[in-house]
Amino acid sequence: MKIATFNINNVNRRLPNLLRWLRAAKPDVVALQELKSTDAEFPILAIEKAGYGAVWHGQKTWNGVAILARNAEPVLTRTGLPGEGDVEARYIEAAINGILVTSIYLPNGNPQPGPKFDYKLDWFKRLRSHAGKLLKQDIPVVLAGDYNVAPTEFDIYPTKSWDKDALIQPKSRAAFKALVDQGWTDAIRTIHPSKPMFTFWDYKRNRWPRDAGLRLDHLLLSPSIAPRLLKAGVDRKIRGEEGASDHAPAWIVLR
DNA sequence: ATGTCACATGTTATGTGA
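Residues numbered from 1 in each chain as written. Chains lettered and ligands numbered in written order. Predicted model: local features only at pLDDT ≥ 70, side-chain atom pairs only at ≥ 80, totals over all residues. Heavy atoms only, no water.

1. Remarks on the UniProt feature "active site" (unreviewed entry) in chain A
Phase 1: When the UniProt feature table is mapped onto this chain numbering, "active site" (unreviewed entry) sits at Tyr-105, Asp-146 and His-247. Over a stretch of 143 residues, the named residues converge on one spot in the fold, their C-alpha atoms separated by at most 12.7 Å. None of the other annotated residues line the largest pocket; only Tyr-105, Asp-146 and His-247 do.
Phase 2: With respect to the element layout, Tyr-105 can be found in strand β7 (residues 99–105).
Phase 3: Ignoring sequence-local partners within four residues, the contact set of Tyr-105 consists of Asn-7, Gln-33, Glu-34, Asn-63, Val-65, Arg-90, Asp-146 and Asn-148. (UniProt positions renumbered as here; feature names shortened; annotations may be inferred. 1 Å grid on protein atoms, 1.4 Å probe; cavity = no way out; pocket = protein on both sides within 12 Å on 5 of 7 lines; lining within 4 Å. Helix = DSSP H or I, 4+ residues; strand = E, 2+ residues; numbered from the N terminus. Contact = heavy atoms within 4.5 Å.)

See the structure below:
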């Protein structure tokens, strides 16, 4: 079973790229982020035609998350994190073939310090609270999404350019580590301990041709599913296509 | 400080967010 996470950066603008990748990579489950689409504008017909069922949680202009399942209908279990109602569409969760899968679009948090960074840290706290409850249920869970955190120095190319950026701040990294330390397995890093495995390359400053990337998209596995981890990777070449998102899909194969 | 992309508002650009 192949599960992927892909920040598509506008699902309608990037629809030809998405459909090409679905046909070529044939993932069984896909967590999409940054739909930048209202619920009504989500391209469900094209996605169904490609052989996928879907659940989605959209919003005008910004954010938006979805979960696709090949030859299956994901069973929606929640949109938004528990607690106060989220105005921004950043969380969706569904059950597919006995696995609970999320699509997370964690706030970027820039500029920092400031209210947007506070929102990021608060959102992380609410995610940890919910993730902790999922762990206690002892069910197979994959927390997939764009966490907007490069967890360590190894997850970014050598540079000073991002020193003030919310993506690499100690507080952002501590929040990610606190989540993982609940008992989750960072699947990509587990399979590839000594390769950077970038998933994002900024459009600016020639960063894709220079491979000046960051690893921001993660698949975290609950203890009951981690032993099934067989393979993991990043479909880097997707980033080089015409009209590409600034992220590439990250994926795992479970036995 | 800048670079790139895309969208919204509503203009022959500018602001916003990433």
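2. Regarding the layout of surface pockets
Phase 1: Here the largest pocket defines a volume of roughly 720 Å³.
Phase 2: What lines the largest pocket is a set of 32 residues, among which Tyr-105, Asn-108, Gly-109, Asn-110 and Asn-148 lie closest to the centre.
Phase 3: The dominant element in the lining of the largest pocket, judged by the number of residues it contributes, is helix α3 (residues 115–136), at three residues.
Phase 4: Partitioned by chemical class, the residues of the lining of the largest pocket number ten nonpolar, ten polar and twelve charged. (Points joined across faces, edges and corners; volume = space filled by probe spheres on them. Nonpolar A, V, L, I, M, F, W, Y, C, P; charged D, E, K, R; others polar.)

3. Comments concerning the sheet that holds strand β11 (residues 229–234)
Phase 1: With respect to topology, six strands assemble into an open sheet ordered β3-β4-β2-β1-β12-β11, the strand pairing being mixed. Strand pairing shows two members of the sheet lacking a second neighbour, β3 (52–57) and β11, which therefore form its edges. Strand after strand, the sheet turns through a mean of 15° between neighbouring axes, direction not considered.
Phase 2: Where strand β2 (residues 29–33) meets strand β4 (residues 65–70), five bridges bridge the pair, whose relative direction is antiparallel. (Pairing = 2+ DSSP bridges. Axes fitted to C-alpha atoms, helices over the stretch in contact; angles between N-to-C directions.)

4. Thoughts on the environment of Ile-67
Phase 1: On the secondary structure map, Ile-67 appears in strand β4.
Phase 2: Owing to a relative accessible area of 0%, Ile-67 belongs among the buried residues under this scheme.
Phase 3: Along the sequence, Ile-67 and Val-101 sit 34 residues apart, while their C-alpha atoms lie 8.0 Å from each other. (Buried < 20%, exposed > 50% of the residue type's maximum accessible area, 1.4 Å probe, protein only.)

5. Concerning the pattern of salt bridges
Phase 1: Summed over all chains, the structure comprises twelve salt bridges.
Phase 2: Here Arg-126 ties to Asp-122 by a salt bridge, and the two come within 3.8 Å at their closest N and O atoms. Placement of the pair is Arg-126 and Asp-122 together in helix α3, with a separation of four residues, close to one helical turn.
Phase 3: The buried category is assigned to Arg-126, whose relative accessible area is 11%.
Phase 4: For Asp-122, a relative accessible area of 34% corresponds to the partly exposed category.
Phase 5: Arg-215 is paired through a salt bridge with Asp-155; the nearest N and O atoms lie 2.7 Å apart. Taken together, the residues Arg-215 in the loop between α5 (187–191) and β10 (217–221) and Asp-155 in the loop between β8 (141–146) and α4 (170–180) connect sequence positions 60 residues apart.
Phase 6: When its relative accessible area of 1% is taken as the criterion, Arg-215 is described as buried.
Phase 7: With a relative accessible area of 1%, Asp-155 lands in the buried category. (Salt bridge = Lys/Arg side-chain N within 4 Å of Asp/Glu carboxyl O.)

6. Some thoughts on α3
Each turn of an α-helix holds 3.6 residues, which means side chains three or four residues apart point in the same direction.
Phase 1: With 22 residues, α3 ought to run about 32 Å at 1.5 Å a step, and its terminal C-alpha atoms sit 32 Å apart, in line with that.
Phase 2: For α3, every residue scored as buried is listed here: Phe-117, Lys-120, Trp-123, Phe-124, Arg-126, Leu-127, His-130, Ala-131, Gly-132, Leu-134 and Leu-135.
Phase 3: Directly beyond the C-terminal end of α3, a positive phi value near 60° is found at Asp-138. (Expected span 1.5 Å × (residues − 1).)

7. Things to note about the packing of aromatic side chains
Phase 1: Tallying each qualifying case throughout the model produces five aromatic pairs.
Phase 2: Note on Trp-162 and Phe-200: the rings are 6.4 Å apart at their centroids and 80° apart in plane angle, and the pair reads as edge-to-face. Placement of Trp-162 in the loop between β8 and α4 and of Phe-200 in the loop between α5 and β10 is noted, with a sequence separation of 38 residues between them. Grouping residues by exposure puts Trp-162 and Phe-200 together as buried.
Phase 3: Centroid distance Trp-201 to Trp-208: 4.8 Å. Interplanar angle 85°. Geometry classified as edge-to-face.
Phase 4: A cation over a ring is seen here: Lys-2 above Trp-251, with NZ or CZ 4.9 Å from the ring centre. (Phe/Tyr/Trp six-rings, centres within 6.5 Å; stacked < 30°, edge-to-face > 60°. Lys NZ or Arg CZ within 6 Å of the ring centre and 35° of its normal.)

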